[in-house]
Amino acid sequence: MKKFIAALFLFASATGVNAQDFKHSLGFRFASSDYDSYGVAYKFFVSKPGAIEVDLGFGTHKESYYGHGHKHKWNNVSLSGAYQHHFPIGNVKNFKWFVGGGLVLVNSDSNHGHHGHAHDDEGFGVGIFPNGGVEYRLKKAPFVFSADLRPTFYVAEPHDYFNDSYVNVGVTARYVF
């Protein structure tokens, strides 16, 4: 296993030498998950192929109670961080693919609490996710766009009604500086 990891690291280092096209970027991420349907995305490179992306996400989930006519609403706030290793795609300048992984912290509150007390459908959660996607920086403008996949697995769920995992697909538009 150690030899495999060492070989993967050498491959990543050799193929990612010129992967960096910018140092910092800031923008917006839109995703398919309830915990980060929309948010602010900041990405910075720590080496030529390696970057850290930090996202502050917000999301809302609504559900009707059957037969009661009540609407149940959850509001979520999340903070995620991921390491991403970038690789060029052929000879296409500014077009990269990346793989990595990260951690998400999410806090969920609900309109279902009783008399100001927390209920079992709100709370704090922690999830981990592998991450992969593609990224393209415009050649003549300071913008970068990406699409990614983050299947998230919760090691601590924020509430009883939260799913154990999400298939989170996102798109991001960021300004490069």
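The preceding data block contains the structure.
Since the structure is predicted, the reported quantities are computational estimates derived from the model, not experimental observations.

Peer 1: Is there a simple way to explain the overall build of the protein chain in this structure?
Peer 2: Summing up its helical and strand segments, the protein chain has one helix and eight strands in all. Mapped in sequence order, the helices and strands of the protein chain form the string α-β-β-β-β-β-β-β-β. Across the 177 residues that make up the protein chain, the buried fraction comes to 37%. Long-range pairs, those at least 24 residues apart, make up 57% of the contacts in the protein chain with a sequence separation of at least 6. Accessible surface for the protein chain amounts to roughly 9,900 Å². Of this, 67% is attributable to carbon and sulfur atoms.

Peer 1: I would appreciate a short explanation of the nonpolar core in the present structure.
Peer 2: Side chains of a nonpolar character, in soluble globular proteins, are inclined to be buried together. If you look at the biggest cluster of nonpolar residues, it comprises seven residues: Y35, A82, V104, V106, F129, Y154 and Y166. Those residues within four positions of F129 in sequence are excluded, and the remaining contacts are S80, G81, A82, G101, G102, L103, V104, R150, P151 and T152. Judged by nonpolar contacts, the second largest core, of five residues, contains F22, F45, A51 and V176.

Peer 1: Looking at this model, I keep getting lost on the pairing of strand β7 (residues 143-156). Mind explaining?
Peer 2: When a strand is regular, its side chains alternate between the sheet's two faces. As paired elements, strand β6 (residues 123-137) and β7 share nine bridges and run antiparallel to each other. Following the sheet pairing, V126 is matched in β7 by A156. From the end of β6 to the start of β7, which pair antiparallel, there are five residues. Relative to strand β8 (residues 165-176), β7 runs antiparallel, the two being bridged by eleven bridges. Among the inter-strand pairings, F143 is bridged to a residue of β8, identified as Y175.

Peer 1: Would you take a moment to explain the packing of aromatic side chains for this structure?
Peer 2: Geometry of an aromatic ring pair is reported as the spacing of the ring centres plus the angle between the planes. Here the structure, examined in full by the defined rule, presents six aromatic pairs. Seen in terms of ring centroids, F22 and F45 are 5.1 Å apart; in terms of plane orientation they differ by 85°. Their pairing is edge-to-face. One end of the pair, F22, is in the loop between α1 (2-15) and β1 (24-31); the other, F45, is in strand β2 (residues 38-45), and 23 residues separate them in sequence. Ring centres of F143 and Y175 lie 5.7 Å apart, and the angle between their planes is 70°; this geometry places the pair in the edge-to-face category. Separated by 32 residues along the polypeptide, F143 in strand β7 and Y175 in strand β8 bring together distant segments of the chain. Judged by relative accessible area, which is 35%, F143 ranks as partly exposed.

Peer 1: What should I look at first to understand the pattern of salt bridges in this one?
Peer 2: Pairing is possible between side chains that carry opposite charge, provided their charged atoms lie close to one another. Scanning the entire structure with this criterion turns up seven salt bridges. Between D148 and R29 there is a salt bridge, with the nearest N and O atoms lying 2.7 Å from each other. With a gap of 119 residues between them, D148 in strand β7 and R29 in strand β1 connect regions that are remote in the sequence. Comparing D148 with R29 shows no difference in burial state: the two are buried. In this structure, K43 and E135 form a salt bridge, with 2.7 Å as the shortest nitrogen-oxygen distance. Placement of the pair is K43 in strand β2 and E135 in strand β6, with a sequence separation of 92 residues. For the residue pair K43 and E135, the accessibility class agrees, reading buried in each case. Linked by salt bridges that have partners in common, R29, D36, E53, D55, D148 and R150 make up one network.

Rules and cut-offs
Residues numbered from 1 in each chain as written. Predicted model: local features only at pLDDT ≥ 70, side-chain atom pairs only at ≥ 80, totals over all residues. Heavy atoms only, no water. Helix = DSSP H or I, 4+ residues; strand = E, 2+ residues; numbered from the N terminus. Buried < 20%, exposed > 50% of the residue type's maximum accessible area, 1.4 Å probe, protein only. Contact = heavy atoms within 4.5 Å. Areas by Shrake-Rupley, 256 points an atom, 1.4 Å probe, with all protein chains shown as cover. Core = buried A, V, L, I, M, F, W, Y, C linked by side-chain atoms within 4.5 Å. Pairing = 2+ DSSP bridges. Phe/Tyr/Trp six-rings, centres within 6.5 Å; stacked < 30°, edge-to-face > 60°. Salt bridge = Lys/Arg side-chain N within 4 Å of Asp/Glu carboxyl O.

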